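The residues making up each chain are set out below.
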Amino acid sequence: APEESPEGAKPAPSFDVASLRDLETLGGENFARDIAAQFLADAVGLLASIRVAAESADEAAFRDQTHALRSCAANVGARAIYEKCLKWRALDAATLRAEGRDCADALERDYAAVAERIGAYARGESPLEG
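Residues numbered from 1 in each chain as written. Predicted model: local features only at pLDDT ≥ 70, side-chain atom pairs only at ≥ 80, totals over all residues. Heavy atoms only, no water.

Undergrad: Sorry, what's going on with the pattern of salt bridges here?
TA: One side chain can pair with another of opposite charge once the charged atoms of both are near each other. Per the stated rule, a full pass over the model turns up nine salt bridges. Asp-105 is the salt-bridge partner of Arg-51, the closest N and O atoms lying 2.4 Å from each other. Taken together, the residues span a long stretch of sequence, with Arg-51 in helix H3 (residues 29–55) and Asp-105 in helix H6 (residues 93–122) at a distance of 54 residues. The partner of Glu-55 in a salt bridge is Arg-101, and the shortest N-O contact between them spans 3.3 Å. Pair noted here: Glu-55 is in helix H3 and Arg-101 is in helix H6, with a separation of 46 residues, a long-range link. Overall, Glu-55 belongs to the partly exposed group, its relative accessible area being 39%. You can call Arg-101 exposed: its relative accessible area is 52%. (Salt bridge = Lys/Arg side-chain N within 4 Å of Asp/Glu carboxyl O. Helix = DSSP H or I, 4+ residues; strand = E, 2+ residues; numbered from the N terminus. Buried < 20%, exposed > 50% of the residue type's maximum accessible area, 1.4 Å probe, protein only.)

Undergrad: Honestly, the side chain of Ser-19 in this entry has me stumped. Any pointers?
TA: Secondary-structure assignment places Ser-19 in helix H2 (residues 18–27). For Ser-19, a relative accessible area of 17% translates into the label buried. Discounting residues that sit within four places of it in the chain, Ser-19 has contacts with Ala-74, Asn-75, Val-76 and Gly-77. (Contact = heavy atoms within 4.5 Å.)

Undergrad: For this particular structure, what's the right way to read the nonpolar core?
TA: Burial of nonpolar side chains together is a common tendency in soluble globular proteins. Counting residues in each nonpolar core, the largest one holds 36 residues, and the members touching the most others are Leu-20, Phe-39, Phe-62, Leu-69 and Ile-81. Breaking this core down by element, the ones donating at least two residues are H2, H3, helix H4 (59–76), helix H5 (79–88) and H6. Excluding its chain neighbours within four sequence positions, the residues that come into contact with Leu-20 are Phe-15, Ala-32, Ala-36, Val-76, Ile-118, Tyr-121 and Leu-128. (Core = buried A, V, L, I, M, F, W, Y, C linked by side-chain atoms within 4.5 Å.)

Undergrad: What am I meant to see in the packing of aromatic side chains here?
TA: The geometry of two aromatic rings is summed up by the distance between their centres and the angle between their planes. Within this structure, the stated rule accounts for one aromatic pair. Where Phe-39 meets Tyr-111, the ring centres are 6.3 Å apart and the plane angle is 50 degrees; that geometry is what we call tilted. Pair noted here: Phe-39 is in helix H3 and Tyr-111 is in helix H6, with a separation of 72 residues, a long-range link. Owing to a relative accessible area of 14%, Tyr-111 belongs among the buried residues under this scheme. (Phe/Tyr/Trp six-rings, centres within 6.5 Å; stacked < 30°, edge-to-face > 60°.)

Undergrad: Help me understand the state of the cysteines in this model?
TA: In protein chemistry, a disulfide is the covalent bond that joins the sulfur atoms of two cysteines. What the rule picks out here adds up to zero disulfides. Free cysteine: Cys-72, not disulfide-bonded; nearest cysteine sulfur from Cys-85 at 9.4 Å. The closest cysteine sulfur to the non-disulfide-bonded Cys-103 is located on Cys-85, 9.6 Å from its own sulfur. For Cys-103, a relative accessible area of 3% puts it in the buried group. (Disulfide = S-S within 2.5 Å.)

Given below as structure tokens:
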């Protein structure tokens, strides 16, 4: 829609707000906010570990860390992160050497978009939009 800013429109396809709505239904708004905040906090460490694994072409660590991030992303509806982790879970060392940094960069960009989208919600500063 023309009235939407590009920043506001961009993260929408990569994020499914229904997951957080489901968490609200399950355990209430504070529960959903806690899950969102935990994802935002946990993902920072996982992303750092993914970058280290990618840069050292450590297949096992990369697989473990992307699996953990994928599980966290699924809980809050971070679809783009979930899909990339699923797609990249079996990258071999040669591919990690060639493309690992790009993978880490892409995940970090997606995380930034999710954090922008749900950060205020996770901090209890605004209602869930969308």
